[in-house]
Structure formats: structure tokens, C-alpha cells
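Now for the letters of each chain:
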Amino acid sequence: MERGAMSILAEEEVVRIARAAGEANNLSITAVSTAPAVDSTGTSAIDIKIVLTPGSSASIMGLPSANTTSQIIRQIADEGDERFPIIRFEEQGAA
């Protein structure tokens with residue numbers, strides 16, 4: 001990799017990582033989507049939205065949410081993607 005060049009994973013790989021981390025923490029996931037983003041410092045980031053099945057948002061409180069988030073951040077970094085993951089959970093059907 002060239003010095004200064006940023007490594008970016010394919011969307012499909014980020015979705016696979018996020019889904020696997022969520023499922024490993026017993027989350028009921030209906031969809032995962034990503035979008036380019038910028039964090040509060042102006043650094044390149046990736047927005048990851050994990051959509052949960054209706055009525056399952058209570059299941060992510062506490063450790064499942066924290067573990068899923070930390071696993072996604074670590075795995076994306078381990079794969080060489082330098083963007084900061086911004087991870088959001090949303091219940092399907094919620095506005």
C-alpha cells in the first residue's frame with residue numbers, strides 16, 4: 001500500500017463483519033447498510049446501520065450492543081480499513 005493511501009474495505013465485507021458480530025451477540029438482524037461519512041474531526045468514516053427485527057431493540061441494551069460495536073470496530077481495523085466506524089442500531093419499522 002502506498003504511504004498516505006487509505007485502505008477501504010468493500011461494502012459487502014463491512015456488512016459481513018457487522019452481521020457476523022451482531023449474530024455472535026444474539027442480535028436479531030434484518031439488514032445492515034453502510035454509507036460514507038465524516039466524523040466530528042473531519043476524518044473519513046463509515047456509517048454502519050444495523051436494522052433489528054421489530055420488538056427486539058431491548059435485546060441490544062448493555063453488553064450485546066457494546067460487544068457488537070467493539071467487535072465491528074476491531075475487525076474492520078484488523079482488515080486494514082482506516083475509516084472510523086459509526087455504528088447505529090435501529091428497529092425495523094421505527095421512524
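These numbers come from a predicted model, not from an experiment.

Thresholds applied
- Residues numbered from 1 in each chain as written.
- Predicted model: local features only at pLDDT ≥ 70, side-chain atom pairs only at ≥ 80, totals over all residues.
- Heavy atoms only, no water.
- Buried < 20%, exposed > 50% of the residue type's maximum accessible area, 1.4 Å probe, protein only.
- Helix = DSSP H or I, 4+ residues; strand = E, 2+ residues; numbered from the N terminus.
- Pairing = 2+ DSSP bridges.
- Core = buried A, V, L, I, M, F, W, Y, C linked by side-chain atoms within 4.5 Å.
- Contact = heavy atoms within 4.5 Å.
- Polar contact = N/O pair within 3.5 Å; in protein donor to acceptor, adjacent residues only side chain to side chain.
- Expected span 1.5 Å × (residues − 1).
- Arc of directions from axis to C-beta.

K.L.:
Before we move on, can you summarise the pairing of strand S2 (residues 44–52) with the specific residues and values?
P.N.:
Counting buried positions over the nine residues of S2 gives seven, a clear majority of the element. By the bridge criterion, nine bridges tie strand S1 (residues 29–38) to S2 in an arrangement that is antiparallel. Bridge assignment links valine 38 to a residue of S2, and that residue is serine 44. Where S1 hands over to S2, the hairpin turn is made up of five residues, of which glycine 42 adopts a positive phi near 90°.

K.L.:
Outline the nonpolar core, supporting the account with residue identities and numerical values.
P.N.:
Across soluble globular proteins, nonpolar side chains have a tendency to be buried as a group. Val32, Ile48, Ile50, Ile72 and Ile76 are the most contacted members of the largest nonpolar core, which totals 17 residues. Only helix H1 (11–24), S1, S2 and helix H2 (63–78) provide two or more residues apiece to this core. For this core, the leading source of residues is H1, giving five residues.

K.L.:
Can you explain the environment of aspartate 39? Please cite residues and give values.
P.N.:
Relative to the helices and strands, aspartate 39 resides in the loop between S1 and S2. Spatially, the C-alpha atoms of aspartate 39 and arginine 88 are 14 Å apart, while their sequence positions differ by 49 residues. Those residues in contact with aspartate 39 that sit more than four places away from it in its chain are Ala45 and Phe84. Polar side-chain contacts of aspartate 39 include one of 2.7 Å to the side chain of threonine 41.

K.L.:
Can you lay out H2 for me, pointing to particular residues and giving the numbers?
P.N.:
Here H2 contains 16 residues, and its C-alpha end-to-end distance of 22 Å stays within 8% of the 22 Å for a straight helix at 1.5 Å per residue. Along H2, the positions that sit buried rather than exposed are Ser65, Thr68, Gln71, Ile72 and Ile76. End-on, the buried residues of H2 take up no more than an arc of 140°, which puts them together on one face. Residues of H2 that are exposed and point more than 90 degrees away from the buried face comprise Leu63 and Asp78. In the core, the buried residues of H2 are packed alongside H1, S2 and strand S3 (84–91). Positive backbone phi, at 95°, marks glycine 80, one or two positions downstream of H2.

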